[in-house]
Each structure stands twice: as structure tokens, then as C-alpha cells.
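Observations on chain architecture
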Amino acid sequence: FRLATPVWHNVLKSVATQGVSFGKSNVGKGERVNVEYVSANPTGPMHVGHTRGAVFGDALASLMAYSGYDVTREYYINDAGSQIDTLAKSTMLRYREALGEAIDIPSGFYPGDYLIPVGQALKAEFGTSLLGMREAEALTLVKDRVLAAMMDLIRADLAKLNIHHDVFFSERQLHGQGGDIDITLDWLRSEGMIYQGRLEPPKGKTPDDWEDREQTLFRATDYGDDVDRPLVKSNDAYTYFAADIAYHRNKYQRGFKHMINVLGADHSGYIKRLQAAVKAVSRGEAEIDVRICQLVRLLKNGEPFKMSKRSGDLVTLADVVEEVGSDATRFMLLYRRNDAAMDFDFAVVKEQTRDNPVYYVQYAHARTFSVFRRVADEMPALDVSPEALAKAEISLLTSEADLELIKALAQWPRIVASAASAHEPHRVAFYLYELASAFHGFWAKGNQDAALRFVNANDSMLTMARLALVGAVRQVLVNGLTLLGVSAPEELS
């Protein structure tokens, strides 16, 4: 069983008429989806450990929007808890430094130079007045200023990768008397979803959140988790999971029945508890897909690569982008499954070979432009406008090489739809590499067989048909690269 040749020719017609919409679909049927990604603690600049999740979440959000979902990109600001108190105390030291004091930064504080400008800004705003205040009062003022400064820093770092969120949700709004956590726990209690009890001693390594005492527990095992989860610590403070339940109930109440959380490798143990929480607070109406992004190892020529570390002991997102650029950073981080550990070799990323996927795909796009430049040189009288190409006699494309390239283009809509449904943007990156390979292969065949050349000065009709094919390849490459947030240059240096 095989499709007749005109069926494949219709693919080129579809690409020509649909353009940027070729591959676009309504698979999502307008369903509202909340994609939460990055959500790094606002205690400093983005480091390389956050970068993979940032790129993955952003590409996934674009992919789902292209496939007919109503997508909200959300960042959960972890601005409550002990790490924020430590951040404020670290900033207070930088404030004292700005006033001329010699400081020592204790172990456990944030040592990065990025807090120096915040200390200087506090000096400019308050002079020496913070020193005369009660410590709690001063730290409250410092906390507000440093959190705002850190979020500005994080937004600027993300912008280097052209990543922008629709919603920044502050954890602090969940806390406090009468806040979302209080309301959520009261609701859980009224629904019989929490109880007072003891947890069995865990097998193997004891987790940090286990305490051998009677406590407030969420019936997580009723919703698919391995154990019931504590909600209140021995000091009467809420656990992180209590805030997580309240936060995801907030999402559900905002109308999201489809949630995606992109988390780091150290959060794999959170999957079942988050799924249980969402199932409970939505009475089974909502679902959550937790996507774990595994670690990235930085290499150069196969050896561990230590970059400049301007931020304490961290390699920052800005360091990576400065070294190889936004395009290479995004494409390479998407050229592996998110749940597979990966090596990021700076030497490979700078190579101009097929071993460098981003170069190989962008080079294919640039080559399509070189074909049209060659036509302008060799056949200047030929009208190659989009209107003229739309009338090209594509029925002339009957060689096996022509049809194989068209068949590669025909896969694009299916690839997009399946990648969106599976929440796997790496499928798009893989496909683009395969399409680029098919195009480069056709190019090589044309150098060996005159009948397969893109430009034939003795046959303007065949040339126009081949240009229609080249234009379709260009369009699909652009569509795919755009979804991944990668540029499509007309020339490569």
C-alpha cells in the first residue's frame, strides 16, 4: 500500500498556503493549561542548573499554544522560609559593607557579589538609619528590597534566553493568618482528608521531613502516594508540602484542570505527592504532569569545564549564554529527553559540523537562502516571488529524492501534535535535525546528478518546482525553530 505521487505534491501546496500555520492544530481545543517552570528560589542569579528547566518549560509552553491549548506560563516565587531570612541577613552585611565596614560572610550565607549593588542601593535609600532600627524591622525592609532586586535579576537572566512568564505567583501570599494555607487546611479537614496520627519509621535513609510524633497528616495514600504527608512541623510552622497543596488548589480555583510542573532532578520524590494533592483538591477533576529535568554536565573537549564564577560558587545562566549564545543554549538543552542526564560540551557547540545539531539545522536554513541567491545570479529574469512559486508545476517533482524530501516535510504536523500531547519538545528538535539531514543529503545528490540540482538554467519550470520545494523546507525549519525559541539566520559566518 502506498500513496499516489499527487498526494505528496499536495503537501507542498499546504506548506505554501498555510505558511507559519503549517503544523498548527487545535489538538488542545482551547483547554486551559498552566505550565509552571523555573520557579528558582529568588536568592541570586539564575545558574546553569536552572537553565535546562527554563528552556524546556518555555519550549513546551510554545508547543502547546501552537497546538491549540490556552497556555499560561507561571513562575512560583519561593519567597517565604528560612532561605529568604538568610538572604536578608546576607544583604544586611553588604549594606554595612557599603557604609564602610569590613565584613566577614559566615558559612551558610549568600556570598555572591550580586548582593553588593543591593547593599549600595540600601545605603542610598536609608543612609545609616537601618542600623538604628530593631533587627526585625530592618530585616523586613531589607527583605522587600532584596527580593525585588533578585526578581529583577532573574527576569533579566531569563530574558537573555527570550523567556518571559505571564504570572509570577508569590508564595508569601499563601502564608499568614487567614491565608490560602489556613483556608486549604480547614477545607481538607472538613472533607476528612487530614487527620492526627503518627507516621511509620521510614525504611532506609530517614527523610528530613519525618518526625516520630503525633502530627497533622494529609491522607496522600488515598490518592496514590506511598505515604501520608505531614503538614505542620513541630514548631507549628507549615511544611513546604502544605504550601504546595494550597498553591495547587489556588491553580485549580483559577480554572486550571491541566497543570504541568517542570522541576529539577532533586525533586523526583515530589511527583506522587503533587499528583495526590491535585487529585484531592480538585476531587479528581484536574491532573498534573510533573516533568523532571535531569542534570547538565559542562564539558569542553570532553573534559569538565570550569567557567568564570562571578556569583559565589555558581556557574550562571548568563555565563553559558555569553559563552555560546542563546540559540545554541536553547537547542542543545532541548536536543535530549528532559529526563535524561546530558553533557553540554562547549567545544562541540562551537563546531561547524553535523555533530553540532544547532549549527547543522541553522545551516540547512541558511542554505535555502543561498539557493535563491544563486537563482538571482544565474537566472535573473526568473520570477521567484511567492505568488509565482505558488503556481510552480510541482508535478515535475517525481524523482525518488524529491519525494523523500517531501515525505519528510509531511511528517511535521504529526510530530508537532504528538510532541504537544506527550509534553516532549525534544521531538521537535530531533525532527528538525532529521529534516536538515534530508535537505543536506538532497543537496549532495544534486552535486552528483544534474537532474537533481535545485537550479537548472536550461529548465526554468523544473527550477521553479524545486524552488517551491526549497521554500517549503525553509518554512518548516522556521516553524520548528520558532517553537524552540531559536533563530533562523539567512547566513552563517
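Residues numbered from 1 in each chain as written. Predicted model: local features only at pLDDT ≥ 70, side-chain atom pairs only at ≥ 80, totals over all residues. Heavy atoms only, no water.

**Digging into unusual backbone geometry**
For Lys-29, which is not glycine, the phi dihedral falls at a positive 50 degrees. Along the polypeptide, Lys-29 turns up in the loop between α1 (5-18) and β1 (32-36). Although it is not a glycine, Val-38 sits at a positive phi angle of roughly 75 degrees. Residue position: Val-38 is located in the loop between β1 and α2 (48-66). Taking relative accessible area as the criterion, Val-38 reaches 13% and is therefore assigned buried. (Helix = DSSP H or I, 4+ residues; strand = E, 2+ residues; numbered from the N terminus. Buried < 20%, exposed > 50% of the residue type's maximum accessible area, 1.4 Å probe, protein only.)

**A short note on the sheet that holds strand β3 (residues 167-170)**
Here we have 5 strands laid out as an open sheet, ordered β3-β2-β1-β7-β8, and parallel in their pairing. For this open sheet the edge positions go to β3 and β8 (287-293), each flanked by a neighbour on one side alone. Geometrically, the sheet is characterised by an average inter-axis angle of 25 degrees between neighbouring strands, direction not taken into account. Bridging between strand β2 (residues 70-77) and β3 involves 4 bridges; their strand directions are parallel. In the strand pairing of β3, Glu-74 is matched with Val-167. Where helix α8 (residues 271-281) meets the sheet, it contacts β7 (258-264) and β8, and its direction lies at approximately 160 degrees from that of β8. (Pairing = 2+ DSSP bridges. Axes fitted to C-alpha atoms, helices over the stretch in contact; angles between N-to-C directions. Contact = heavy atoms within 4.5 Å.)

**Some points on the pattern of salt bridges**
Evaluation of the coordinates by the stated rule reveals 28 salt bridges. Where Asp-79 meets Arg-172, a salt bridge forms, and the shortest distance between an N and an O atom there is 3.7 Å. With Asp-79 in the loop between β2 and α3 (82-98) and Arg-172 in the loop between β3 and α6 (180-190), this pair connects stretches of sequence that are 93 residues apart. For Asp-79, a relative accessible area of 6% translates into the label buried. Between Arg-145 and Glu-125 there is a salt bridge; the shortest N-O distance is 2.6 Å. Residue Arg-145 is located in helix α5 (residues 135-159), and its partner Glu-125 is located in helix α4 (residues 116-126); the two are separated by 20 residues in the primary sequence. Take Arg-145: its relative accessible area is 30%, and that puts it in the partly exposed class. The class for Glu-125 is partly exposed, based on a relative accessible area of 44%. (Salt bridge = Lys/Arg side-chain N within 4 Å of Asp/Glu carboxyl O.)

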